[in-house]
Amino acid sequence: PIVKELFGLSDLEDEVREAFGLKRVIVVPGDSDESDHVKAELGRAGGRVLRESLSSGDVVAVMGGSTMAQMAKQFSALSQMKENWFVPARGGLGESVDYQANTIASELAKRAGARYRMLHVPDHLSEEAYQTIMQEPNVREVVDMIRGARIVVHGIGDAVTMARRRKLVDGTIDELVKDGALAEAFGYYFDRHGRVVHRMATAGLRLDDIEAAEMVIGIAGGKSKGEAIASVMRFGHDDVLVTDEAAAREALRHI
Ligand code: G3H
């Protein structure tokens, strides 16, 4: 708190909270684009918020990405969370192993002494293969668990950056740009009004589950993500945002 006052970050937190109608905003000093240390601090702050939000028996659905990975790697529990579950929020999205939601869920569970389930859905499934996989009792069971998660934790990315990282074909990327996609979160692409313009075909959390979840926590920082953060906040289902100073100021420019 003393550091926050020094940097004037409590005012910035209030401003962002009010601008986007959030319940809670945490801003760490600096810019994740410029410094790995800031990104690590962002992850640590995200982990703290998650720990404070957890009650015994909660199922937590987590997304992937490098920010989520930072969070998982530093997560610490006060005591073993044997009654908690960590599950990946969505199936394969084309991320490298370190950044996959499955990896993040298992890492968090290990660090928390909690349980986890994996969702093994390959990337780029055909509709037919998808329907077949969804019939598998194992997959069904995990998907039901994911869809009933009380807490959802996710990163936010710039739309084109994420589309490229996940190797979407050029034609799809052009379409995204044409449709005004600015942000990606939960495998969905959003425009500046917070409207969904594209979704990745995979199993797991759907938009109505995100709306139904009791607590949705977004963790994202870096000036380059400011506009993307604003557009996901406009989607309007996050309760908590954990960000950095540079992203917070940039997001406010796009209200
Ligand atoms: O959905 C957004 C991405 O998972 C964010 O990834 O944290 O590596 O930028 P990142």
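Residues numbered from 1 in each chain as written. Predicted model: local features only at pLDDT ≥ 70, side-chain atom pairs only at ≥ 80, totals over all residues. Heavy atoms only, no water.

## As for the site of the ligand
So, point 1. What surrounds the ligand is a group of 13 residues, the closest being Ser66, Thr67, Arg165, Glu184 and Lys225.
So, point 2. Here Gly64 contributes a backbone N or O atom positioned 3.2 Å from an oxygen atom of the ligand.
So, point 3. For the ligand, an oxygen atom lies 2.4 Å from a polar atom in the side chain of Glu184.
So, point 4. The fraction of the free accessible surface of the ligand (310 Å²) that becomes covered by protein chains is 95%.
So, point 5. If you map the ligand onto the pockets, it falls in the largest pocket.
So, point 6. When residues of the shell around the ligand are traced back to their parent elements, those giving at least two are helix H4 (66-74), helix H8 (159-165) and strand S7 (183-185).
So, point 7. Partitioning the shell around the ligand into residue classes produces three nonpolar, six polar and four charged. (Near = heavy atom within 4 Å. Polar contact = N/O pair within 3.5 Å; in protein donor to acceptor, adjacent residues only side chain to side chain. Areas by Shrake-Rupley, 256 points an atom, 1.4 Å probe, with all protein chains shown as cover. 1 Å grid on protein atoms, 1.4 Å probe; cavity = no way out; pocket = protein on both sides within 12 Å on 5 of 7 lines; lining within 4 Å. Sits in = over half its atoms within 2 Å of the grid points. Helix = DSSP H or I, 4+ residues; strand = E, 2+ residues; numbered from the N terminus. Nonpolar A, V, L, I, M, F, W, Y, C, P; charged D, E, K, R; others polar.)

## What to know about the sheet that holds strand S8 (residues 188-190)
So, point 1. Here we have four strands laid out as an open sheet, ordered S6-S7-S8-S9, and antiparallel in their pairing. Here the strands that pair on one side only, and so sit at the sheet edges, are strand S6 (157-158) and strand S9 (196-199).
So, point 2. Sheet topology places S7 next to S8; three bridges connect them, and they run antiparallel. What sits directly across from Glu184, in S8, is Tyr189.
So, point 3. Helix-sheet contacts for helix H11 (residues 226-235) involve S6, S7 and S8, and the interaxial angle to S7 is about 60°. (Pairing = 2+ DSSP bridges. Contact = heavy atoms within 4.5 Å. Axes fitted to C-alpha atoms, helices over the stretch in contact; angles between N-to-C directions.)

## Describing the packing of aromatic side chains
So, point 1. Inspection of the entire model under this criterion finds four aromatic pairs.
So, point 2. Each ring, one from Phe186 and one from Phe190, has its centre 6.4 Å from the other, and the planes form 75°; the classification is edge-to-face.
So, point 3. Relative to Phe235, the ring of Phe190 has its centre 4.8 Å away and its plane inclined at 50°; by these criteria the two rings are tilted. Taken as a pair, Phe190 in strand S8 and Phe235 in helix H11 lie far apart in primary sequence, 45 residues in all. One exposure class covers both Phe190 and Phe235, and it is buried. (Phe/Tyr/Trp six-rings, centres within 6.5 Å; stacked < 30°, edge-to-face > 60°. Buried < 20%, exposed > 50% of the residue type's maximum accessible area, 1.4 Å probe, protein only.)

## Here we look at the side chain of Ser66
So, point 1. Relative to the helices and strands, Ser66 is located in helix H4.
So, point 2. For Ser66, a relative accessible area of 15% puts it in the buried group.

## Side note on the packing of helix H6 (residues 127-135) against helix H7 (residues 137-147)
So, point 1. Across the interface, H6 lies against H7 with an axial gap of 5 Å and an inter-helix angle of 85°. By the angle between their directions, the pair H6 and H7 is classed as roughly perpendicular. Along its contact with H6, which presents Ile133, Met134 and Gln135, the element H7 presents Pro137, Val139, Arg140 and Val143.
So, point 2. Residues belonging to the contact of H6 with H7 are distributed by class as follows: five nonpolar, one polar and one charged. (Parallel < 35°, antiparallel > 145°, perpendicular 65-115°, else oblique.)

## Comments concerning unusual backbone geometry
So, point 1. Of note, Lys167 is a non-glycine position whose phi angle comes to about 60°, a positive value.
So, point 2. Residue position: Lys167 is located in the loop between H8 and helix H9 (170-178).
So, point 3. The phi angle at Phe186 is positive, at roughly 55°, despite the residue not being glycine.
So, point 4. When you line up the elements, Phe186 lands in the loop between S7 and S8.
So, point 5. A relative accessible area of 1% places Phe186 in the buried class.

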